[in-house]
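Secondary and tertiary structure notes
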Amino acid sequence: MLCRQLAALLGGLAFCAHLLAANPDAESYGFPITNPFEATIATTPPDLRSPVPADSDIDQADYAMQLRPERENALPENFWPVKKLRYRLARQQGPAPLVFIIAGTGGHYSSTHAENLKKLFYGAGYHVVQLSSPSSYDFMAAASRHATPGLSSEDADDLYRVMQAVRAQHPGLPITDYHLTGYSLGALQAAFVSHLDETRRSFNFKRVLLLNPPVNLYTSVTNLDRLVQTRVKGVDDATTFYQVVLGKLTRYFQQKGYIDLNDALLFDFQESRQRLSNEQMAMLIGTSFRFSASDIAFTSDLINHRGLITPVDYPINEGTSLTPFYKRALQCDFDCYMTEQLIPFWRARYDGGSVNQLINQVSLYALENYLKQTPKIAVMHNADDVILGPGDLGFLRRTFGDRLTVYPHGGHCGNLNYRVNGDAMLEFFRG
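Reading guide: rules and limits
- Residues numbered from 1 in each chain as written.
- Predicted model: local features only at pLDDT ≥ 70, side-chain atom pairs only at ≥ 80, totals over all residues.
- Heavy atoms only, no water.
- Disulfide = S-S within 2.5 Å.
- Buried < 20%, exposed > 50% of the residue type's maximum accessible area, 1.4 Å probe, protein only.
- Phe/Tyr/Trp six-rings, centres within 6.5 Å; stacked < 30°, edge-to-face > 60°.
- pLDDT = per-residue confidence, 0-100.
- Contact = heavy atoms within 4.5 Å.
- Helix = DSSP H or I, 4+ residues; strand = E, 2+ residues; numbered from the N terminus.
- Core = buried A, V, L, I, M, F, W, Y, C linked by side-chain atoms within 4.5 Å.

Below, the discussion takes up the state of the cysteines. Within the structure shown, the criterion is met by 1 disulfide. Paired by a disulfide, C332 and C336 hold their sulfur atoms 2.0 Å apart. Disulfide C332-C336: the torsion about the S-S bond is -100°, which places it as left-handed. An identical accessibility class is assigned to C332 and C336; each is buried.

Take a look at the structure:
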């Protein structure tokens, strides 16, 4: 239970320019966590978060759609929960603008960041639709045409079809305007979805907000992959990383005298003598990403019958243990997935060339001219985000100008629920 909670925390228009162009210094910004690893894991202390409605005050429900009926019998029996795509809709009582939220790498539509953003926008009067990431196993199985995520234009096409299907499933929902946002990988995909909408014109998005997007997708995933290789004191052949972390948590709860798994846990834990070191926090973030990468590798291989992880025609039913295959998948990081599955698929289907060509096609570079010219897209990022590489902030500044806000602290998406950020998001969408 605790491990799942830890993993869940990881996983403008011209007249708004005055707000978005304000890149605050650390003192005026006031975000209390200056360590990027700690901010990424713990996020904002509860008393500094945006005020949002309680779940009981939100008119919301989960829905399902059958988008790939051909997989109903093709997928193993124990994949029945993901043979239909599920999403969450929170609706206002009357006419209102609608915001689509795209989750980050491997993220489920109900992940922590998506839930926080939903509550923020719903409390401000928006309908909200939460969508899983195209790199999540449920989206790959139930919605992706090729089940090989990583080609941003293809992922955007899949997302666009899902958004259209969502709207068609709720013909009576009174929508005044459409907005779009995403965080992390979902932010990159939101940019590609917005670009696609310029020609298909199904939504005519009024505002699109990119939260902590990767600039160079390969740089970002490489940065995260490297975190799992961090050398951690106390970890050796006889003692695992998880034993070290859980040992610290055990001593922490013993010192407190009770166990309290609440939103303040990680922030309070990091204020204690058992706090995680930078190396341990890096390993925790990297491990979470490795789980997402292994999910992608396993699911893509299984659906496409590539035989790299699961033997082709291997009989899988509800009684089959998938543990041996998942262990094999855990040995495959994102670079492995790219080499063994994504690049061969791209070259076979699109006559692709070099790896650098692929990187340019799937990163924000591919949309540079569009992003420079459209005033409706803005970016909020953090100067200390662990996914950024050399030159990334420079690219964002040249491309977005005064539509870019760079906060001094927050790590990777760790300040999305900070009230200062929340106010800025709402200000942008309201115009």
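Turning our attention to the packing of aromatic side chains. The tally for this structure, following the rule as stated, stands at 18 aromatic pairs. Residues F345 and Y350 carry aromatic rings whose centres are separated by 6.4 Å and whose planes lie at 80° to one another, so their mutual orientation is edge-to-face. Relative accessible area serves as the criterion here: at 35%, Y350 is assigned to the partly exposed category. Connected via pairs of aromatic rings, a cluster forms that spans F100, Y160, Y178, F203 and F205.

Another aspect to go through is the confidence of the model for the protein. For the protein, the average pLDDT comes to 85, and 83% of its residues sit at 70 or higher. Note on residues 1–21: pLDDT under 50 across the span, and 52 contacts to partners over four residues away in sequence or across chains. Taken together, the stretch residues 258–262 has pLDDT below 50 and engages in 7 contacts with residues farther than four places along the chain or on a different chain.

On to the environment of L48. One can find L48 in the loop between α4 (36–42) and β1 (60–65). L48 sits in the buried class, given a relative accessible area of 17%. Sequence separation between L48 and F31 is 17 residues, and the spatial gap between their C-alpha atoms is 8.4 Å. The contact partners of L48, leaving out residues within four places of it in the chain, are P32, N417, Y418 and R419.

Next up on the list: the nonpolar core. F100, L131, M163, L180, F205 and L210 are the most contacted members of the largest nonpolar core, which has 89 residues in total. When residues of this core are assigned to their parent elements, the largest contribution, 11 residues, is made by helix α13 (residues 278–304). Residue contacts for L180: discarding those within four places in its chain leaves F100, I102, M163, A190, V193, S194, F205, R207, V208, L209 and F429. By size, the runner-up hydrophobic cluster in this structure holds 32 residues, among which are A42, L117, A424 and M425.

Of note in the backbone geometry, T43 takes a positive phi value of approximately 55° without being a glycine. Counting through the fold element by element, T43 comes out in the loop between α4 and β1. A relative accessible area of 4% places T43 in the buried class. A positive phi angle is found at N212, which is not glycine, with a value near 55°.

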